[in-house]
Amino acid sequence: EAQVTQNPRYLITVTGKKLTVTCSQNMNHEYMSWYRQDPGLGLRQIYYSMNVEVTDKGDVPEGYKVSRKEKRNFPLILESPSPNQTSLYFCASCRGLNTEAFFGQGTRLTVV
Amino acid sequence: AQSVTQPDIHITVSEGASLELRCNYSYGATPYLFWYVQSPGQGLQLLLKYFSGDTLVQGIKGFEAEFKRSQSSFNLRKPSVHWSDAAEYFCAVGGNAGNNRKLIWGLGTSLAVNP
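Cut-offs applied
- Residues numbered from 1 in each chain as written.
- Chains lettered and ligands numbered in written order.
- Predicted model: local features only at pLDDT ≥ 70, side-chain atom pairs only at ≥ 80, totals over all residues.
- Heavy atoms only, no water.
- Helix = DSSP H or I, 4+ residues; strand = E, 2+ residues; numbered from the N terminus.
- Rg over C-alpha atoms; globule rule 2.2 N^0.38 Å.
- Buried < 20%, exposed > 50% of the residue type's maximum accessible area, 1.4 Å probe, protein only.
- Contact = heavy atoms within 4.5 Å.
- Areas by Shrake-Rupley, 256 points an atom, 1.4 Å probe, with all protein chains shown as cover.
- Pairing = 2+ DSSP bridges.
- Disulfide = S-S within 2.5 Å.
- Salt bridge = Lys/Arg side-chain N within 4 Å of Asp/Glu carboxyl O.

A.B. asks: Quick question: what am I supposed to make of the overall build of chain B here?
C.D. replies: On a plain count of helices and strands, chain B comes out with 0 helices and 12 strands. Secondary structure of chain B in N-to-C order comes out as β-β-β-β-β-β-β-β-β-β-β-β. The C-alpha atoms of chain B give 14 Å as radius of gyration, which agrees with the globular expectation for 115 residues (13 Å, within 12%). Expressed as lengths along the three principal axes of its C-alpha atoms, the size of chain B is roughly 45 × 30 × 20 Å. Residue burial in chain B is summarised as follows: out of 115 residues, 48% are buried. Sequence-distant contacts in chain B: of pairs separated by 6 or more residues, those separated by 24 or more amount to 55%. A total accessible area of about 5400 Å² is found for chain B, and carbon and sulfur atoms account for 48% of it.

See the structure below:
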């Protein structure tokens, strides 16, 4: 089954404690991206990757890092989380920008 | 500038009534247009897409959308809404304009369905 898997689904952490949200896709897609979703602000892209070792900033990259060492994995790293990073995060993958994007189930992060 | 506008933040309809969700876009090249649905607690799922050809496209769950180039619109419609259609709906545009490397998303329309 084609899918994008994110872990964890829910996470509560404290300010400054490094965390990683994992994302894995089994469709051999080249393009992967991370979004955050906040009420009234829709989906905002954090980072994207067009292929292995190729990553670039989206609209709201501050406070986040990513890596793309393998095609299937695209982890999101928060080196020093802050309360304003409390949000719902989605990972997505697709073959290209003119094709269907597949989304993970989301990770609800709370930073206290 | 490239943008997608969904003018209606929230819409409430009665079950069985028809539905139209509006989407207007600004894009510097031939757009690839998408509608996604997000059910509560879920990720986004593709409803339908338009790349070329017939301007009326059919999607899953009984939805359709019509591309109108002259109006820069891609409105989503359903003849008879079901209670299970209550969700958030997002319009998006992608393509090859300039150095575009991402989908441009609307802010979404929240649909409530009254029994």
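Moving on, there is more to tell.
A.B. asks: I tried to follow the environment of Asn114 of chain B on my own but got confused; where do I start?
C.D. replies: Residue and element names in this part refer to chain B. Topologically, Asn114 is positioned in strand β12 (residues 109-114). The exposure class of Asn114 is partly exposed, given its relative accessible area of 37%. Taking the C-alpha atoms as reference points, Asn114 and Tyr25, 89 residues apart in sequence, are found 29 Å from one another. Once residues within four sequence positions are removed from consideration, Asn114 is found in contact with Thr12, Val13, Ser14 and Glu15.

A.B. asks: When you look at the sheet that holds strand β1 (residues 4-7) of chain A in this model, what are you seeing that I'm missing?
C.D. replies: One key point about sheets: their strands pair by backbone hydrogen bonds, in either a parallel or an antiparallel sense. In spatial order, the strands read β1-β3-β8-β7 (chain A); together these 4 strands make up an open sheet with antiparallel pairing. In the strand order of this sheet, the two ends are held by β1 and β7 (65-66) of chain A, each with one partner.

A.B. asks: I would appreciate a short explanation of the state of the cysteines in the present structure.
C.D. replies: Two cysteines joined by a covalent bond between their sulfur atoms form a disulfide. Residue and element names in this part refer to chain A. Throughout the structure, instances matching the rule amount to 2 disulfides over all chains. Covalently, Cys23 is tied to Cys91 through a disulfide, its sulfur atoms 1.8 Å apart. Negative torsions about the S-S bond denote left-handed disulfides, and the value of about -70° found for Cys23 with Cys91 makes this one left-handed. Of this pair, Cys23 sits in strand β3 (residues 19-25) while Cys91 sits in strand β9 (residues 87-94), placing them 68 residues apart in sequence. With a relative accessible area of 3%, Cys23 lands in the buried category. On the basis of relative accessibility, which here comes to 0%, the residue Cys91 falls in the buried class. Here Cys94 stays free of any disulfide, with the sulfur of Cys91 as its closest cysteine sulfur at 11 Å.

A.B. asks: It is not clear to me how the pattern of salt bridges should be interpreted in this structure. Could you clarify?
C.D. replies: Between side chains of opposite charge, pairing is possible as soon as their charged atoms come close. Residues and elements named next belong to chain A. Under the criterion given, the structure shown has 8 salt bridges over all chains. Salt-bridge contacts for Asp38 lead to Arg36; the nearest nitrogen and oxygen are separated by 2.8 Å. Residue Arg36 is classed as buried on the basis of its relative accessible area of 8%. For Lys65, the salt bridge is made with Glu79, and the minimal N-O distance between the two is 2.9 Å.

A.B. asks: Got a minute to help me understand the pairing of strand β5 (residues 42-51) of chain A in this structure?
C.D. replies: Consecutive side chains of a regular strand alternate in pointing toward one face of the sheet and then the other. All names here are of chain A. Of all 10 residues that make up β5, 7 are buried, and the element is covered over most of its length. In the sheet, strand β4 (residues 31-38) pairs with β5 via 7 bridges, with the strands oriented antiparallel. The partner of Arg36 across the bridge, within β5, is Arg44. Here β4 folds back onto β5 in antiparallel fashion, the turn holding 3 residues, of which Gly40 has a positive phi close to 80°. Relative to strand β6 (residues 54-57), β5 is paired through 4 bridges, and the arrangement is antiparallel. Bridge pairing in β6 places Asn51 opposite Val54. Hairpin connection of β5 to β6: 2 residues between the antiparallel strands, including Glu53 at a positive phi of 65°.

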